[in-house]
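# Fold and contact review
The primary structure of each chain is shown beneath.
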Amino acid sequence: MSIQQIRLFGDPVLTTPASNVTTFDKELRTLVADLTETMLEAPGAGLAAPQIGVPLRVFVWDVDEALGHLINPTLDLSDEMQDGEEGCLSFPEIRYDTPRAMRVVAKGFNMHGEPITIEGTEFLARALQHENDHLNGILFIDKLSKSNRKLAMKEIRESDWFAQASQSGVDIQVKESPHSMFGRNI
Ligand code: NI
């Protein structure tokens, strides 16, 4: 197990759809362990494999003191929506109100290849949608209202991490501030 570099917005791996896992082997279990360790260290409440540069349909979460992981997920969303602030480990310090479905039923597999179903409401539902979007190359800024997206893009362009990443290429790691006044990112 090892902590991996979290890719930041601007890295093309974040906007590329990921592939299904076809082999449930030791390598996959190491990926789940690395994702979990990297998420906990950040600290974050969720992390998807593309965020550590692995283009596979795998994500992990840590919500309500429960760790989980899901492989090759498909999501059913409620019509009822929720509002709430959201951030992402690939966008340090950027947080905006992001509309999401209130409830999610997520089906997929665990790391041993066994089918599992996860039902989530509120923040777990939000995290499952956010991480599942990562597997499709969709980022939370894509889900914002037009005006919030405009504000978010301005804030991103003005951020130190984005300026650094733009100057030096994409292999730049900027860690979340340990003094962030906000909640954990996903
Ligand atoms: Ni994210």
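Heads up: the structure comes first, above all this text.
First, a word on scope: everything that follows refers to the structure included in this document. Quick caveat, the model's predicted, so the values are computed rather than measured.

### Some remarks on the pairing of strand 9 (residues 115-121)
Every regular strand shows the same layout, with side chains that alternate between the two sheet faces. Pairing geometry for strand 8 (residues 103-109) and strand 9, over seven bridges, is antiparallel. Across the sheet, the residue bridging to Phe109 is Pro115, located in strand 9. Connecting the antiparallel pair strand 8 and strand 9 is a turn made up of five residues, with Gly113 showing a positive phi of about 85 degrees.

### As for the nonpolar core
One finds Phe9, Phe91, Ile94, Phe140, Ile141, Ile156 and Trp161 to be the most contacted residues of the largest nonpolar core, which totals 17 residues. Contributions of two or more residues to this core are made by helix 3 (146-158) and helix 4 (160-168). Of the residues forming this core, the biggest block, three residues, is contributed by helix 3. One finds Ile52, Val58, Val60 and Ile71 within the second-largest nonpolar core, a separate group that totals 16 residues.

### Structural notes on the packing of aromatic side chains
Think of a pair of aromatic rings as described by two things: how far the centres are apart, and how the planes are tilted against each other in angle. In total, this model carries seven aromatic pairs according to the counting rule given. Taking 5.9 Å as the distance between ring centres and 55 degrees as the angle between the ring planes, the aromatic pair formed by Phe59 and Trp61 counts as tilted. Residue class for Phe59 comes out buried when judged on its relative accessible area of 0%. Within the aromatic cluster, the residues linked to one another by ring pairs are Phe9, Phe91, Phe140, Trp161 and Phe162.

### Observations concerning the environment of Val58
In this structure, Val58 sits in strand 2 (residues 58-63). Sequence separation between Val58 and Ser19 is 39 residues; the distance between their C-alpha atoms is 9.3 Å. Setting aside anything within four residues of it in sequence, one finds Val58 in contact with Val21, Leu28, Leu31, Val32, Leu35, Ala48, Ala49, Leu70, Ile71 and Leu135.

Parameters and conventions
- Residues numbered from 1 in each chain as written.
- Predicted model: local features only at pLDDT ≥ 70, side-chain atom pairs only at ≥ 80, totals over all residues.
- Heavy atoms only, no water.
- Pairing = 2+ DSSP bridges.
- Helix = DSSP H or I, 4+ residues; strand = E, 2+ residues; numbered from the N terminus.
- Core = buried A, V, L, I, M, F, W, Y, C linked by side-chain atoms within 4.5 Å.
- Buried < 20%, exposed > 50% of the residue type's maximum accessible area, 1.4 Å probe, protein only.
- Phe/Tyr/Trp six-rings, centres within 6.5 Å; stacked < 30°, edge-to-face > 60°.
- Contact = heavy atoms within 4.5 Å.

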